[in-house]
Amino acid sequence: MKPFFTYEQQLEKLKSGNLIIDDEAAALGYLQSEGYYNLINGYAHCFKCKAGFIANTKFEHIIALYRFDKDLRNIIYKYTSTIECTIKAAIAHEFSGVHGVDENKYLSEDCFVTDEHTQEHIQRLIASCRDTITESTNRNSNRYRKYIAHSINNHNHVPLWILIRAMTFGTTTIFYRYMLQPEREAIAKRFHLTGAQLSNILEIVVSFRNIVAHGERTFCTKLSRSRLISNSVTDNLKIDKNANGRNKHGNNDIFALMICCKYLLTPIDFVGMFQEINSAIQNLSEIIGPSNMGRIRNEMGLKKSYVNDLLHKKFF
């Protein structure tokens, strides 16, 4: 059983590991406001060796990395929200052009790829969409949405381009996954991808979006279930290989997310995202030093040569 430590005891424990604490009052304040687990268990590992903390490591270094991770989450949330809007608009346009605007017709299993493996998933998807409409028209519900209620009350139907605004990003990607193949491919073609590649990329983006939305540690995240499959970008980047000949980075890390954003953001937005992340990295590097920054870049998969190629090369 883990022992309980007071804030003062936590501070002494850090000092015993050779962590330099210049302002103990400020350090105690951070432990009280942010929590030992969030700060130390979450971010101190980048500054540790077998004997404890690496020589000359300061408490301020851990705080700087913690703040950097917050900035990174804000950046990712901002640009994945842009992607969400783009994908929803594309799905609504292609799907509605084929299946119409009346939810009583387009929320039908016939409008999706239905087989023995997908039928149960599609039934849940349709039920979720219908529940969203029902909840959105109930004034006593916290999920009441005036724009959906207006559509029902004034037009007696809810076009997908209205309904999809109320759908989560995760539900939207499931909707895309089970669309009929010609519609999926038409959307994917806009982004120079196949339907399978776009579905995979959306899975990566939504996974990171969920992580940042819940305030979880992000910079060194390795997705446990999702892996970025081969595409024109990964095939043309000179990514270091492991002993099995597979890419060391760009599979399930921040670099993988950046590859996804290369496809789904406009060139201007992608450059904007890159510049914001790079600025945050530069600010962190000035505080913790280039050696520590090198280890953190490696955890993120952001080797400088990879990032420069991703930014400047033409892939499609």
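From a predicted model like this one, the values you see are computed outputs, not experimental measurements. (Residues numbered from 1 in each chain as written. Predicted model: local features only at pLDDT ≥ 70, side-chain atom pairs only at ≥ 80, totals over all residues. Heavy atoms only, no water.)

(A) The arrangement of the pattern of salt bridges in detail. Taken as a whole, this structure holds 11 salt bridges when the rule is applied. The salt bridge partner of Asp-22 is Lys-58, with a shortest N-O separation of 3.5 Å. Of the two residues, Asp-22 sits in the loop between α1 (7–16) and α2 (24–34) while Lys-58 sits in the loop between β2 (52–53) and α4 (59–99), which places them 36 residues apart along the sequence. Under the relative-accessibility criterion, Asp-22 is labelled exposed at 52%. Look at Lys-58 and you get partly exposed, because its relative accessible area is 32%. With a shortest N-O distance of 2.9 Å, Lys-88 and Glu-84 are connected by a salt bridge. Residue Lys-88 and its partner Glu-84 are both found in helix α4; the two are separated by 4 residues, about one turn of the helix. (Salt bridge = Lys/Arg side-chain N within 4 Å of Asp/Glu carboxyl O. Helix = DSSP H or I, 4+ residues; strand = E, 2+ residues; numbered from the N terminus. Buried < 20%, exposed > 50% of the residue type's maximum accessible area, 1.4 Å probe, protein only.)

(B) Structural context of the packing of α2 against α4. Between α2 and α4, the least distance of the axes is 11 Å, while the angle of their chain directions is 35°. Note on packing geometry: the crossing formed by α2 with α4 is left-handed. In this structure, α2 contributes Ala-27, Tyr-30 and Glu-34 to the contact, and α4 contributes Phe-59, Ile-63, Tyr-66, Arg-67 and Lys-70. Residues that form the contact of α2 with α4 fall into these classes: 5 nonpolar, no polar and 3 charged. (Axes fitted to C-alpha atoms, helices over the stretch in contact; angles between N-to-C directions. Left-handed = near helix turned anticlockwise from the far one by under 90°. Contact = heavy atoms within 4.5 Å. Nonpolar A, V, L, I, M, F, W, Y, C, P; charged D, E, K, R; others polar.)

(C) Expanded view of the packing of aromatic side chains. Evaluated as defined, the whole model comprises 9 aromatic pairs. Centre to centre, the rings of Phe-95 and Phe-175 are 4.9 Å apart; their planes meet at 70°, and the pair counts as edge-to-face. Here the residue Phe-95 occupies a position in helix α4, and Phe-175 occupies one in helix α9 (residues 169–177), the gap between them amounting to 80 residues. Given a relative accessible area of 0%, Phe-95 falls into the buried group. Judged by its relative accessible area of 0%, Phe-175 falls in the buried class. Relative to Phe-175, the ring of Phe-112 has its centre 5.1 Å away and its plane inclined at 85°; by these criteria the two rings are edge-to-face. Residue Phe-112 is located in the loop between α5 (103–106) and α6 (119–136), and its partner Phe-175 is located in helix α9; the two are separated by 63 residues in the primary sequence. This pair shows no difference in class: Phe-112 is buried, exactly as Phe-175 is. An aromatic cluster is defined as three or more aromatic residues linked by ring pairs; in this entry it consists of Phe-95, Tyr-106, Phe-112 and Phe-175. (Phe/Tyr/Trp six-rings, centres within 6.5 Å; stacked < 30°, edge-to-face > 60°.)

(D) Structural context of the state of the cysteines. What the rule picks out here adds up to 0 disulfides. Cysteine Cys-260 is unpaired, with the sulfur of Cys-261 as its nearest cysteine sulfur at 6.7 Å. Accessibility expressed as a relative area gives 0% for Cys-260, which makes it buried. (Disulfide = S-S within 2.5 Å.)

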